[in-house]
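Residue strings, one per chain:
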Amino acid sequence: MKSTYLEKQYQAFKERYPNEKEYLQALHHVMVSIDEIIDDHPEYQKYNIIERLSEPERLISFRVTWLDDEGNVCVNRGYRVQHSALIGPYKGGLRFHPSVSQSVLKFLAFEQTFKNSLTGLGMGGGKGGSDFDPKGKSDREIMTFCQAFMRELFHHLGEDVDVPAGDIGVGQREIGYLYGYYKKLTNQVTGTLTGRDISIGGSLVRKEATGYGLVYFVEAALKKIKDTSLEGKKVIISGSGNVAIYAAEKVQEFGGTVVAMSDSSGFIHCEKGVDLEAIKTIKEEKRERIETYPDYDARGKYHEDPSKMWEIDADIALPCATQNELDENSVKHLIKNKVMMVAEGANMPTTEKAIEMLRESHILFAPGKAANAGGVLVSGLEMAQTAQFDSWDFDKINKRLKDMMESIFEAIYKTAKDYDQENDLQFGVNVYSFKKLAHAMIIQGVV
Ligand code: NDP
């Protein structure tokens, strides 16, 4: 970094949290962008904005004790990182995955704060979850775990305090169990979790929101920067979960061909385009591995090692699985194959080195903080519908999602352009959100 002030701040965080590599990585992304503007903003130093925005307001960690189907007493760790309530109640998903740690949730909550500020809705940032692994668990075990998790978490939630949603390993089933138990414990029927099934006050388009929103963002960027569209493009999408499936659906609707999808064990390659109904059956209905895809569609070939998927020739790559899945080795193949754009459906799926390589190769890069904001945006609309005791139709919400994703693209594109960093959407999003949050922080005093 050029600024010795910022470098010192970053080194101080490194010393304070030496083992939190994902969190430090997320901070570094933002600081590198702020480095370009810090000299023009003495107020950021005066009010110590960098340190205050980087440190979570509150970090809750707790033990989750539950009984499995054999009667064994199991223990997991649970967390909620309430990063910032600067512009509204803490808002962000819950993740159940063995890789969950304090560092992972701190990075996610930090990024969520930036993302939520883009939506124009009053939402702060948070993230939570557990190192519980839902894979292979019975439905009863999932419910038992969700209830044990909520027994601790409910103390810290509330419709005007902290409103969680889903993330990896937490879909509508888990949200249903968490919400049911939250109501039991509090005797209050409020919309304190979003991503609920439509029958219990959820919103239409929430399930599709992140994937659809990603593709609306990609389409807007391709149009403005590359003077083209998704029509006729070959697209590779990592993951086959909530984000990946609905990104694939929208890509197909826009005339693109999804040639590959993956899970954590392997990927399928289907040159003529994946059969999305088969993917939905495998992943949403049967909760099986993607390995079974050829049983549904013989044109698809299964390969082990999901990282090899990036070697497939394509025009656009959408990493929609997990953090740091797209590294320098994988990006080498994308560059060799002259990919035109990489857009992050997942949170921080691209390593710093890989982003640098994309930038040097002039490949358009859309950071997740902006490109995957559609999910939280529709969660915000779910909160609005609950508050109004109303439910809106699919087309109305979908149009709002599309309009908002286009506005987010325009805002960050313009920010980058205004600072002579044209087409650097990573710079655009970091600076745009940071300025908004810094302003909100300054006008609320030292609290
Ligand atoms: P899901 O749990 O629904 O799906 C995750 C998918 O990624 C699964 O198919 C999983 O496979 C796969 N996966 C995990 N690790 C790898 C890997 N190393 N290589 C290939 N595939 C892998 O999660 P979501 O779709 O909800 O979330 C995906 C990402 O999007 C996360 O980063 C999340 O934070 C982000 N996101 C999600 C939002 C949402 O609304 N859901 C909103 C904004 C961001 P397997 O089944 O084998 O584990």
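Being a predicted model, the structure only gives us computed values, none of them experimental.

(A) Local environment of the overall build of the protein. Scanning the protein from terminus to terminus reveals 17 helices and 12 strands. The C-alpha atoms of the protein give 21 Å as radius of gyration, which agrees with the globular expectation for 447 residues (22 Å, within 12%). Counting only C-alpha atoms and orienting by the principal axes, one finds that the protein spans roughly 60 × 50 × 45 Å. Counting over 447 residues, the protein shows a buried share of 56%. Put simply, of all contacts in the protein between residues at least 6 apart along the chain, 71% involve residues at least 24 apart. Total accessible area computed for the protein in this model is approximately 18,300 Å², and 48% of it derives from carbon and sulfur atoms. Charge-centre separation for the protein: the mean point of 55 positive side chains lies 2 Å from the mean point of 66 negative side chains.

(B) Quick peek at helix 2 (residues 21-34). Relative to the 20 Å expected for 14 residues at 1.5 Å per residue, helix 2 spans 20 Å between its end C-alpha atoms, a close match to the ideal helical length. Counted residue by residue, helix 2 has 12 buried out of 14 residues, so it is predominantly covered. Listing the buried residues of helix 2 in full gives Glu22, Tyr23, Leu24, Gln25, Ala26, Leu27, His28, His29, Val30, Met31, Ser33 and Ile34. Where helix 2 is buried, its residues meet helix 1 (4-16), helix 4 (49-54), helix 5 (102-118), helix 13 (352-360), helix 14 (368-371) and helix 17 (425-443).

(C) Region of interest: the pattern of salt bridges. Inspection of the entire model under this criterion finds 29 salt bridges. In this structure, Lys369 and Glu111 form a salt bridge, with 4.0 Å as the shortest nitrogen-oxygen distance. Taken together, the positions of Lys369 in helix 14 and Glu111 in helix 5 put the pair 258 residues apart, joining distant regions of the chain. The same class applies to Lys369 and to Glu111, which are both buried. Asp403 is paired through a salt bridge with Lys399; the nearest N and O atoms lie 2.7 Å apart. Note that Asp403 and Lys399 are positioned in helix 16 (residues 394-418) at a spacing of four residues, about one turn of the helix. Each member of the salt-bridge network shares a partner with another, and the members are Arg16, Glu51 and Glu55.

(D) Examining the domain arrangement of the protein more closely. As assigned here, the protein comprises domain 1 (1-54 + 424-447), domain 2 (56-190) and domain 3 (209-366). Distance from the C-alpha centre of domain 1 to the C-alpha centre of domain 3: 31 Å. Summed over both partners, the interface of domain 1 with domain 3 comes to about 820 Å²; 57% of that surface belongs to carbon and sulfur atoms. Of all residues in domain 1, Gln25, His29 and Leu425 give up the largest surface area on contact with domain 3, accounting jointly for 59% of the area buried on that side.

(E) Here's a closer look at the sheet that holds strand 1 (residues 58-67). Taking strand neighbours across the sheet as the criterion, the five strands line up as 1-2-4-3-5 in an open arrangement whose pairing is mixed. Looking at strand neighbours, the two that pair on one side only are strand 1 and strand 5 (162-165), the edges of this open sheet. Each neighbouring strand pair of the sheet contributes to a mean axis angle of 20°, computed without reference to strand direction. Bridge analysis of strand 1 against strand 2 (residues 73-84) gives 10 bridges, and the strand direction is antiparallel.

(F) Quick peek at the side chain of Glu249. Position of Glu249 relative to the elements: it lies in helix 9 (residues 242-253). Residues in contact with Glu249, not counting those within four places in the same chain, are Tyr212, Leu276 and Lys280.

(G) Summary view of unusual backbone geometry. Positive phi, close to 50°, is recorded for Asn48, a residue that is not glycine. The topology assignment puts Asn48 in the loop between helix 3 (42-46) and helix 4. A residue is classified by how much of its surface remains accessible, and Asn48, at 27% relative accessible area, is partly exposed. The phi dihedral of Asn423 falls on the positive side, at around 70°, and the residue is not glycine.

(H) Looking closely at the nonpolar core. The biggest cluster of nonpolar side chains holds 57 residues, and the ones touching the most others in it are Phe217, Ile237, Met261, Leu318, Met341 and Leu401. Here this core takes 10 residues from helix 8 (residues 206-226), the largest share from any one element. Ignoring sequence-local partners within four residues, the contact set of Ile237 consists of Ala244, Ala247, Ala248, Val258, Ala260, Met261, Ser262, Met309, Leu318 and Cys320.

(I) Quick peek at the pairing of strand 7 (residues 257-262). For strand 7, the buried fraction is high: five of the six residues fall into the buried class. Alignment of strand 6 (residues 234-238) against strand 7, held across three bridges, turns out to be parallel. Residue Ile236 lies in a different strand from strand 7, and its bridge partner there is Ala260. On the question of chirality, the crossover connecting strand 6 to the parallel strand 7 by way of helix 9 is right-handed. Two elements, strand 7 and strand 8 (residues 266-269), share three bridges in a ladder whose sense is antiparallel. Along strand 8, the bridge assignment pairs Ser262 with Phe267. Where strand 7 hands over to strand 8, the hairpin turn is made up of three residues, counted between the paired strands.

(J) Expanded view of the packing of aromatic side chains. Summed over the entire model, instances satisfying the criterion amount to 19 aromatic pairs. Consider the rings of Phe13 and Tyr17, whose centres lie 6.4 Å apart with planes at 25°: the pair is stacked. By the burial criterion, Phe13 is buried, and Tyr17 matches it. With centroids separated by 5.8 Å and ring planes inclined at 85°, the aromatic side chains of Trp66 and Phe145 adopt a geometry described as edge-to-face. With Trp66 in strand 1 and Phe145 in helix 6 (residues 139-153), the pair connects residues that are 79 residues apart, well separated along the chain. The same class applies to Trp66 as to Phe145, namely buried. Chaining the aromatic ring pairs together yields one cluster made of Phe62, Trp66, Phe96, Phe132, Phe145 and Phe149.

So, how was this worked out
Residues numbered from 1 in each chain as written. Predicted model: local features only at pLDDT ≥ 70, side-chain atom pairs only at ≥ 80, totals over all residues. Heavy atoms only, no water. Helix = DSSP H or I, 4+ residues; strand = E, 2+ residues; numbered from the N terminus. Rg over C-alpha atoms; globule rule 2.2 N^0.38 Å. Buried < 20%, exposed > 50% of the residue type's maximum accessible area, 1.4 Å probe, protein only. Contact = heavy atoms within 4.5 Å. Areas by Shrake-Rupley, 256 points an atom, 1.4 Å probe, with all protein chains shown as cover. Lys, Arg positive; Asp, Glu negative; His and termini not counted. Charge placed at Lys NZ, Arg CZ, Asp CG, Glu CD. Expected span 1.5 Å × (residues − 1). Salt bridge = Lys/Arg side-chain N within 4 Å of Asp/Glu carboxyl O. Domains from an automatic or database assignment. Buried area = accessible area lost by both parts, 1.4 Å probe. Pairing = 2+ DSSP bridges. Axes fitted to C-alpha atoms, helices over the stretch in contact; angles between N-to-C directions. Core = buried A, V, L, I, M, F, W, Y, C linked by side-chain atoms within 4.5 Å. Right-handed = clockwise from strand over helix to strand, strands pointing away. Phe/Tyr/Trp six-rings, centres within 6.5 Å; stacked < 30°, edge-to-face > 60°.

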